[in-house]
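Descriptive analysis of the structure
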Amino acid sequence: MRTIFIGAHEEPNGVNSYTYNLALELKKRGFESFVMSFGSCNKVTDYKGVKIKQYRTWGNTMTSIPVLYLKSLPYLIKHRKEIDMVMYQTVTFSVIPSLIVRLFGMKSSAIIHSLAEDSPKHGKMMKKLLMASMRLALAFTKNVVTVSCTKAKEVYNRYHKSCKVLPCGVFLPVDRELNTDILEKNGIQVSKFFLTIGRIDPIKNYEVLIDAFKQHNHADYQLVIGGDVNSAYGRTIVERAEGCKNIIFPGIVYGDAKMALLKNCMAYCLVSSSEGLPIALLEGMSYGKIPVVTRIPSIQEVLEKYKIGLWSTVNNVEEVIANMIAIEKDFNTLKVQGKTARQIVEDNYTWPQICDRYLELVKEF
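These figures come from a predicted structure and were not determined experimentally. (Residues numbered from 1 in each chain as written. Predicted model: local features only at pLDDT ≥ 70, side-chain atom pairs only at ≥ 80, totals over all residues. Heavy atoms only, no water.)

Turning our attention to the UniProt feature "domain: Glycosyl transferase family" (unreviewed entry) in the protein. The feature "domain: Glycosyl transferase family" (unreviewed entry), as annotated in UniProt, sits at residues 184–343 in this numbering. With 45% helix and 17% strand, residues 184–343 has end C-alpha atoms that lie 30 Å from one another. (UniProt positions renumbered as here; feature names shortened; annotations may be inferred. Helix = DSSP H or I, 4+ residues; strand = E, 2+ residues; numbered from the N terminus.)

All right, on to empty space enclosed by the protein then. Evaluation of the coordinates by the stated rule reveals one cavity of 30 Å³ or more. By volume, the largest cavity is sized at about 30 Å³. Together, T196, K204, Y206, L209, C269, L270 and V271 line the largest cavity. Those elements that provide at least two residues to the lining of the largest cavity are α7 (206–214) and β12 (267–270). A class-by-class count of the residues in the lining of the largest cavity yields five nonpolar, one polar and one charged. (1 Å grid on protein atoms, 1.4 Å probe; cavity = no way out; pocket = protein on both sides within 12 Å on 5 of 7 lines; lining within 4 Å. Points joined across faces, edges and corners; volume = space filled by probe spheres on them. Nonpolar A, V, L, I, M, F, W, Y, C, P; charged D, E, K, R; others polar.)

Spatial strand order, β3-β4-β2-β1-β5-β6-β7-β8: eight strands in an open sheet with mixed pairing. In this open sheet, the two strands that pair with only one neighbour each are β3 (43–47) and β8 (164–165). Two strands pair when backbone bridges link them, and strand β1 (residues 2–9) and strand β5 (residues 85–88) are joined in this way by four bridges, in the parallel orientation. Across the sheet, the residue bridging to T3 is M85, located in β5. Packing of helix α1 (residues 16–28) onto the sheet brings it into contact with β1, β2 (32–39), β3, β4 (50–56), β6 (107–112) and β7 (144–146), and relative to β1 it is tilted by some 155°. (Pairing = 2+ DSSP bridges. Contact = heavy atoms within 4.5 Å. Axes fitted to C-alpha atoms, helices over the stretch in contact; angles between N-to-C directions.)

Before going further, it helps to examine the packing of α7 against helix α12 (residues 317–334). For the pair α7 and α12, interaxial distance at closest approach is 8 Å and the crossing angle is 60°. Here α12 runs oblique to α7, going by the angle between their axes. As α7 packs across α12, the resulting crossing turns out to be right-handed. Between α7, through V208, L209, D211, A212 and F213, and α12, the contact on the second element is made entirely by V317, V320, I321 and M324. Its residues assigned to classes, the contact of α7 with α12 comprises eight nonpolar, no polar and one charged. (Parallel < 35°, antiparallel > 145°, perpendicular 65-115°, else oblique. Left-handed = near helix turned anticlockwise from the far one by under 90°.)

Formed by 60 residues in total, the largest nonpolar core has its most connected members in Y18, L195, L261, L282, M285, L303 and Y358. A per-element tally of this core places helix α14 (residues 351–364) first, with seven residues. Mapping this core onto the domain boundaries places at least three of its residues in each of domain 1 (2–169 + 350–364) and domain 2 (180–348). In this structure L303 touches L281, M285, P291, V293, I308, W311 and I344, once residues within four positions along its chain are discounted. Of all hydrophobic cores here, the second largest spans 31 residues; its members include F34, F38, V144 and V165. (Core = buried A, V, L, I, M, F, W, Y, C linked by side-chain atoms within 4.5 Å. Buried < 20%, exposed > 50% of the residue type's maximum accessible area, 1.4 Å probe, protein only. Domains from an automatic or database assignment.)

The first and last C-alpha atoms of α12 sit only 20 Å apart over 18 residues, clearly below the 26 Å expected at 1.5 Å per residue. The sharpest bend along α12 measures roughly 65° and falls at E328. Every buried residue of α12 is accounted for by V317, V320, I321, N323, M324, I327, E328 and L334. Of the surrounding secondary structure, the elements contacted by the buried residues of α12 are β9 (193–197), α7, β12, β13 (290–294), β14 (310–312) and α13 (336–348). Backbone nitrogen of E318 and a side-chain oxygen of the N-cap are separated by 3.2 Å at the start of α12; the cap is N316. (Expected span 1.5 Å × (residues − 1). Bend = angle between axes of the 7 residues up to and from the residue. Polar contact = N/O pair within 3.5 Å; in protein donor to acceptor, adjacent residues only side chain to side chain.)

With that out of the way, let us pick up the packing of aromatic side chains. Under the counting rule described, the total for this entry stands at seven aromatic pairs. Seen from their ring centres, Y20 and Y47 are 5.4 Å apart, and the 65° between their planes marks the pair as edge-to-face. Separated by 27 residues along the polypeptide, Y20 in helix α1 and Y47 in strand β3 bring together distant segments of the chain. Here Y47 falls in the buried class, since its relative accessible area comes to 15%. Between the aromatic rings of F34 and Y75, the centroid separation amounts to 5.5 Å while the plane-to-plane angle is 90°, which identifies the pairing as edge-to-face. Highlighted residues: F34 in strand β2 and Y75 in helix α2 (residues 61–78), separated in sequence by 41 residues. (Phe/Tyr/Trp six-rings, centres within 6.5 Å; stacked < 30°, edge-to-face > 60°.)

Attention shifts here to the side chain of N143. Within the fold, N143 resides in the loop between α4 (124–139) and β7. Note on N143: relative accessible area 13%, which makes it buried. Within polar-contact distance, the side chain of N143 engages the backbone oxygen of S108 at 3.1 Å. Those residues within four positions of N143 in sequence are excluded, and the remaining contacts are S108, S109, A110 and F365.

Before going further, it helps to spend a moment on the sheet that holds β9. Pairing in this open sheet of six strands is parallel, and the strands run β11-β10-β9-β12-β13-β14 from one edge to the other. The sheet is open, and its two borders are formed by β11 (247–251) and β14, each paired with just one other strand. Averaged over neighbouring strand pairs, the angle between their axes works out to 20° when direction is ignored. Pairing of β12 with β13, which is carried by four bridges, proceeds in the parallel orientation. Across the sheet, the residue bridging to A267 is I290, located in β13. Contacts from α12 reach β9, β12, β13 and β14 within the one sheet, and its direction differs from that of β14 by about 175°.

What follows deals with the environment of L76. Tracing the backbone through its elements, the reader meets L76 in helix α2. Classification of L76 by relative accessible area gives buried; the value is 0%. Separated by 251 residues in sequence, L76 and I327 place their C-alpha atoms 52 Å apart. Setting aside its immediate chain neighbours within four residues, L76 contacts I4, I6, M36, I83, V86, Y88, V101 and M106.

So this is what it looks like as structure tokens:
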């Protein structure tokens, strides 16, 4: 079986890791698969042995993805007899390309990670436009996959479209020596910091974490926010943290640097307004860290039945303060939650398990 994953950025981080790591696990099983991505130039490269065919695009993600989908068609048509499944990483822009792909005898599907209209960065008119575009796209898309049961329910309730579920996953961390000085370079103290890593976007509510941290007596504890802050929203949260030397922005982190932060933090924080199924949270859990989270459906799906997590309602600074204080005062008791968090990932969200589900899913299309 040969799968083509189309729609990732050239960097296999964040939500892109869903595409790259599923392709990697398929390769380990002996199945041929590769990724078509967009970036700054045309080139062929690889990610841990997975072939990546990158097409040059311009502008932001919203303009790059449709260009990528159209540029990929000549290759797909030429190699149609060798391709079993084409998986597009968005629904809205994949309608016409996926129809063409199916006309040439290939299976196709489109993935919904999250619903764009839920982002607070969009105004009322843009949200209406996004919803209209999604409604039209779903009407013409045959096979739709989403990353959680709660997100599938949201899609059905909002658009009356049934989705298959293929969750996000992680590879379990390997205990090895790390080649990084990120802790020393940034003055980060081992086992004395709260951590969040990810896309710097208003939907993540980083200002809530910053306000909660600044408004209580955190003593020598630290808050570390990993990600690219070179954006309008990124600059606002850096300004919001001014005056508190214990809030640290190490920039984009990956590889050993990311592993060092995850390995040495006290708790992993995710106080988003909306998520599909948060890979970042699963990564924190895989390292056995206490989850500090908002009570939103996708996070509840992962944690609630196991009765772990320090919860807050969306944008509630006072509740986040209480959760931080609880960890600082009673870490040795609460860290038991980390063992349960690790077990949840081992039992449900490893890439080998997700790959098994994918192989079964393809048979249903």
